[in-house]
Amino acid sequence: MRNAISARERLIITLRFLATGDNYRSLEYTFNVSAQTISTFIPEVCDALIEVLGSYVQLPSNQCEWLKISNDFKQQYGFPNAIGAIDGKHVQVKCPRESGSDYINYKNFFSIVLLAVVDANGNFLFADVGAKGRISDSGVLKHSRLYELLEKRMLHIPEPRPIREGEHVRVPFMLLGDSAFAFTDYCIRPFGGDPERHNHTQRKFNERHSRARRVVERAFGILSARFRVLRKAMELEPGIASKVTLAAVYLHNFIRREASIRTSDNLVFARPDADNQLTNLRSIRVRHSDRLNDIRMYLANSFSSVS
């Protein structure tokens, strides 16, 4: 019998696939392993990576960890009570069999959606992959495990508190989302409508919000620059493409555990991966409660007064 392909060689081939996006035939010529065999073990290796690196992508488990993330956002971006930036990225795939238009997104290509929450340093706290491309960010969130945890208040997020000592207005801790997300108790979005009609206070808030939220776009840019398989249409079924994408997310956090690498990433990949973002979607029309509008206006006034 011929020698079995070692675990080391399987890992090397899988990492090469993730880093370059080369097709299986090209990998066959490079490593002298048949394309059929490669197509069999790459999903298995991705599953193993996700299992082994599971601790590298986790939501905070207690209030102290949430407060540390919030403090990072306040120090680095000047946005208080922020506990993460949330956004979606379209990962291009080939047309799935018998899928009709389910996977066609607003940019008119087939995709699955990577929904992610990122901390102030560009590390992934949560990732959900596999939603059909036609579904909006807000729709993906509502069908994710994260939505249930947020709605049922199971994440141990701290109770609302003032953003400065001596003040009495209690501001909830919220995710930073763009206009594709609904404005809720746990997700704050910018002022909508025509930007030309915004007053100085509203513009100042939107600028501060955009600057802090852009960290998730930068994380997507770093992810796709390092794992170039995400920059081209994957010749894979959506289920396998989801495993490949999720493995790349876990490896992203694993690699960035070193402070020197995080600094290097921020310098080299300063521009967001704009081609794959969902920022061009129209705002979702929702009726905000007066309380949420008052909180956003209170934050806007505080930003305006400081500047």
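From a predicted model like this one, the values you see are computed outputs, not experimental measurements.

**Q** I would appreciate a short explanation of the side chain of Thr201 in the present structure.
**A** With respect to the helices and strands, Thr201 occurs in helix H7 (residues 200–226). Look at Thr201 and you get buried, because its relative accessible area is 15%.

**Q** Help me understand the pattern of salt bridges, please; the structure alone is not making it clear to me.
**A** Charged atoms that come close allow side chains of opposite charge to pair. As enumerated under the stated definition, the model contains 16 salt bridges in all. The salt bridge partner of Glu148 is Lys152, with a shortest N-O separation of 3.1 Å. In the salt-bridge network here, residues are joined through shared partners; they are Asp87, Asp178, Arg213 and Glu217.

**Q** For this particular structure, what's the right way to read the environment of Leu67?
**A** Relative to the elements of secondary structure, Leu67 occurs in helix H4 (residues 63–77). Overall, Leu67 belongs to the partly exposed group, its relative accessible area being 28%. Put simply, Leu67 and Ala82 are 15 residues apart on the chain and 9.0 Å apart in space, counted from C-alpha to C-alpha. Apart from the residues within four sequence positions on either side, Leu67 is in contact with Pro158, Arg161 and Phe173.

**Q** For this particular structure, what's the right way to read H4?
**A** Relative to the 21 Å expected for 15 residues at 1.5 Å per residue, H4 spans 21 Å between its end C-alpha atoms, a close match to the ideal helical length. For H4, the set of buried residues is Trp66, Ile69, Ser70, Asp72, Phe73 and Tyr77. The arc that holds every buried residue of H4, seen down its axis, measures 150°, which confines them to one face. Opposite the buried face of H4, by more than 90 degrees, sit the exposed residues Cys64, Lys68 and Gln75. Where H4 begins, the capping side chain belongs to Asn62, and its oxygen is found 3.1 Å from the backbone nitrogen of Cys64. Immediately beyond the C-terminal end of H4, within one or two residues, lies Gly78, with a positive phi of roughly 70°.

**Q** Sorry if this is basic, but what is going on with the sheet that holds strand S4 (residues 174–176) here?
**A** Across a sheet, paired strands are connected by hydrogen bonds in the backbone, their directions being either parallel or antiparallel. The mixed open sheet is built from five strands, whose spatial order is S3-S2-S1-S4-S5. Looking at strand neighbours, the two that pair on one side only are strand S3 (124–132) and strand S5 (187–188), the edges of this open sheet. As defined by bridge partners, strand S1 (residues 82–92) adjoins S4 across two bridges and the pair is classed as parallel. Note that in S4 the partner of Ala82 across the bridge is Met174. Together, S1, strand S2 (111–118) and S3 form the strand contacts of helix H8 (residues 238–255), whose direction differs from that of S3 by roughly 165°.

**Q** When you look at the packing of aromatic side chains in this model, what are you seeing that I'm missing?
**A** Within a pair of aromatic rings, the relevant descriptors are the distance that separates the centres and the angle that separates the planes. Going through the model one piece at a time under the given rule, you end up with eight aromatic pairs. Arranged with centres 6.2 Å apart and planes meeting at 35°, the rings of Phe124 and Phe220 form a pair that is tilted. Of the two residues, Phe124 sits in strand S3 while Phe220 sits in helix H7, which places them 96 residues apart along the sequence. Residue Phe124 is classed as buried on the basis of its relative accessible area, which comes to 1%. Accessibility expressed as a relative area gives 0% for Phe220, which makes it buried. Aromatic side chains Phe205 and Phe303 sit 5.9 Å apart centroid to centroid with 15° between the ring planes, which places their arrangement in the stacked category. Pair noted here: Phe205 is in helix H7 and Phe303 is in helix H10 (residues 290–306), with a separation of 98 residues, a long-range link. Accessibility assignment for this pair places Phe205 and Phe303 in one class, buried. The lysine or arginine in question, Arg208, covers the ring of Phe303, its NZ or CZ lying 4.4 Å from the ring centre. The ring of Phe191 carries the charged tip of Arg296 above its face, separated from the ring centre by 4.4 Å.

Calculation notes
Here the residue numbering is sequential within each chain, running from 1 through the sequence in written order. With pLDDT at 70 or above as the cut-off, local features in this predicted model cover only qualifying residues; side-chain atom pairs require 80 or more to be listed or tallied, and sums for whole chains, interfaces and linings still use all residues. To get the side-chain values, take all heavy atoms of the structure and skip hydrogens and water. Put simply, DSSP H or I for four residues or longer makes a helix, DSSP E for two residues or longer makes a strand, and each gets a number counted from the N terminus. Only protein chains enter the accessibility calculation, which uses a 1.4 Å probe; a residue whose area is less than 20% of its type maximum is buried, one above 50% is exposed, and one in between is partly exposed. The working definition used for a salt bridge is a side-chain nitrogen of Lys or Arg within 4 Å of a carboxyl oxygen of Asp or Glu. For this analysis, residues touch if any pair of their heavy atoms sits within 4.5 Å. By this rule the span expected of a helix is its residue count minus one, scaled by 1.5 Å. Here the arc refers to the set of directions running from the helix axis out to each C-beta atom. Polar contact criterion, stated in full: a pair of N or O atoms within 3.5 Å, where within protein one must be able to donate a hydrogen and the other to accept it, and residues adjacent in sequence count only if both atoms are side-chain atoms. Following DSSP output, two strands are said to pair if at least two bridges run between them. Only the stretch in contact is used when a helix axis is fitted, and all axes are lines through C-alpha atoms; the angle between N-to-C directions ranges over 0 to 180 degrees. Stacked, tilted and edge-to-face are the three classes assigned to paired rings of Phe, Tyr and Trp, where Trp is represented by its six-membered ring and a pair needs centres within 6.5 Å; plane angles under 30 degrees give stacked, over 60 edge-to-face, the rest tilted. The rule is short: NZ of Lys or CZ of Arg within 6 Å of the ring centre and within 35 degrees of the ring normal puts a charge over the ring.

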